[in-house]
Amino acid sequence: MKDATIAARAAGHIDRATGGVVPALHLSTTFARDDAYAPIASDHVYLRDDNDAARLAERIVAQLEQARAALLFPSGMAAIAAALRPVGNGGTLVLQRGIYWGTTQWVRAFCDRRGVRLVEVGTDEMTRAVEQERPEVIFVETPSNPWLETVDIAALARVTRATGSLLVVDSTAATPILTKPLVLGADIVVHAATKALNGHSDVLAGVLATNAPESEHWRSIVTERHDGGAVIGPFEAWLLVRGMRTLTLRVAHSSASAQRIASWLAAHEAVARVLYPGLPEHTGHEIAARQMSGGFGGLLSIRLQGGGEAARRFCGRLRLFHRATSLGGVESLAEHRHEIEPAVPPDLVRLSIGIEDLDDLVADLEQALS
Ligand SMILES: *Cc1c(COP(=O)(O)O)cnc(C)c1O
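As the structure is a prediction and not an experimental result, all values here were calculated from the model.

### Regarding the pattern of salt bridges
Under the defined criterion, the tally for this structure stands at 13 salt bridges. One salt bridge connects Arg 97 with Glu 125, and the closest N-O pair in it is separated by 3.5 Å. Of this pair, Arg 97 sits in the loop between strand S2 (92–96) and helix H4 (101–114) while Glu 125 sits in the loop between strand S3 (117–121) and helix H5 (126–133), and the two are 28 residues apart along the sequence. Residue Glu 125 is classed as partly exposed on the basis of its relative accessible area, which comes to 25%. Of the charged contacts in the structure, one is a salt bridge between Asp 347 and Arg 303, with a shortest N-O distance of 3.0 Å.

Here's what the structure looks like:
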């Protein structure tokens, strides 16, 4: 089945007890046994193990990614940490430079603590780094946040297969609708489900998916999540299932608007540069056009003429875009990334395009730039 069908029907779920087309929300942490001490429902003993809402959300993500298994976590960072923790002490990890700052920070501290050799590389140095270092894992993000750089997943996967390295791809900005990293050869795909998967800025969640659930690495992730208890609550998972029903519509709409906004901004005299993989002049456009279909996502960054002061003034004048971090929600957001991440230049503003009326969004940008 196609993505829109999988998402809209929540992978065909029907509530067994009532026939409800929407799953029941069970908040119970424990489940009673009968007088012979058998569980009343054989697959329900304790919530850490038996969370129906989480299992359903995982099934939907697995189908969308054409994966054999998916695991939900309480945040995107919890999912990323879970994917990388199996790297052994004294191992080697290659990390893309200029990606989500939370990931970079966590990986640096983790490698430091565990004596893991960390090699940070730009997108054009990846192949050489993998061939030279033969790392256990290479972690990339495409398109990257906030630089919108692209990584050729299929080309990199050919290299990692030869070196026996595991390729982990953070595909948050692409969503499973626009790119399917596992189909392109990645070993594990990561999503901060907090962003477009849920789409309504009201759930913190992360997810991993793979086509090699029997691998040692994946089995270690499964065991650690279970035994370490890094599980999501049923209400969050239930909201995520609800949010994903409209995923294809939201992604199509915000991608189309972002494309129009990026082109419009690229021609604006107050804007020095627009970073968006959908623009033909973007350095990663050719790769993006090959591995993304249906659009280039709702995330873009701009660099303003007039530097940091102009960028802050622009943010301050916005009336419709909220000044807030995060991305992938129905509401458009603008972030002056430098405030949180000093390495990002002060003239850069990251925009997450929502599903509001395009003319209203352009009018807001226009008045804030003028
Ligand atoms: C937000 C984000 C994360 C972290 O997700 P949380 O749910 O906030 O922990 C990871 N990667 C990318 C690309 C993100 O945008």
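### Re empty space enclosed by the protein
Under the counting rule described, the total for this entry stands at 2 cavities of 30 Å³ or more. For the largest cavity, the calculated volume is near 170 Å³. Along the wall of the largest cavity there are 22 residues; nearest its centre are Thr 175, Ala 196, Ser 254, Gly 298 and Gly 328. When contributions to the lining of the largest cavity are tallied by element, the ones reaching two or more residues are helix H7 (175–178) and helix H10 (247–266).

### Describing the pairing of S3
Looking along a regular strand, one sees side chains alternate from face to face of the sheet. Of the strand pairs in this sheet, S2 and S3 are connected by 5 bridges, and their pairing is parallel. Within the sheet, the bridge partner assigned to Leu 93 lies in S3 and is Leu 118. In terms of handedness, the path from S2 via H4 over to S3 forms a crossover that is right-handed.

### Observations concerning the layout of surface pockets
The space that makes up the largest pocket amounts to roughly 450 Å³. Along the walls of the largest pocket sit 21 residues, with Asp 15, Arg 16, His 26, His 44 and Asp 52 positioned nearest its centre. Here the element with the most residues in the lining of the largest pocket is helix H2 (residues 52–64); it accounts for 5 residues. Considered class by class, the residues forming the lining of the largest pocket number 10 nonpolar, 4 polar and 7 charged.

### Details of the domain arrangement of the protein
For the protein, the assigned domains are domain 1 (3–244) and domain 2 (247–369). Domain 1 puts 33 residues into the contact, and the matching count from domain 2 is 37 residues. The shortest N-O distance in the salt bridge between Asp 152 and Arg 290 comes to 2.8 Å. Put simply, the parts of the chain that give the side of domain 1 that touches domain 2 at least two residues each are helix H1 (3–8), H7 and helix H9 (234–244). Considering each element in turn, the side of domain 1 that touches domain 2 owes the most residues, 4 residues, to H7.

### What to know about the site of the ligand
Inspection of the region around the ligand gives 15 residues, with Gly 76, Met 77, Asp 170, Thr 194 and Lys 195 positioned closest. Asn 145 is positioned with one of its side-chain polar atoms (N or O) 3.2 Å from an oxygen atom of the ligand. Measuring from a nitrogen atom of the ligand, one finds a side-chain N or O atom of Asp 170 at 2.7 Å. Contact with the protein chains covers 92% of the free accessible surface of the ligand, which is 380 Å². It is helix H3 (residues 76–84) that contributes the most residues to the shell around the ligand, 3 residues altogether. For the shell around the ligand, the per-class residue count stands at 7 nonpolar, 5 polar and 3 charged.

Conventions and cut-offs
Residues numbered from 1 in each chain as written. Predicted model: local features only at pLDDT ≥ 70, side-chain atom pairs only at ≥ 80, totals over all residues. Heavy atoms only, no water. Salt bridge = Lys/Arg side-chain N within 4 Å of Asp/Glu carboxyl O. Helix = DSSP H or I, 4+ residues; strand = E, 2+ residues; numbered from the N terminus. Buried < 20%, exposed > 50% of the residue type's maximum accessible area, 1.4 Å probe, protein only. 1 Å grid on protein atoms, 1.4 Å probe; cavity = no way out; pocket = protein on both sides within 12 Å on 5 of 7 lines; lining within 4 Å. Points joined across faces, edges and corners; volume = space filled by probe spheres on them. Pairing = 2+ DSSP bridges. Right-handed = clockwise from strand over helix to strand, strands pointing away. Nonpolar A, V, L, I, M, F, W, Y, C, P; charged D, E, K, R; others polar. Domains from an automatic or database assignment. Contact = heavy atoms within 4.5 Å. Near = heavy atom within 4 Å. Polar contact = N/O pair within 3.5 Å; in protein donor to acceptor, adjacent residues only side chain to side chain. Areas by Shrake-Rupley, 256 points an atom, 1.4 Å probe, with all protein chains shown as cover.

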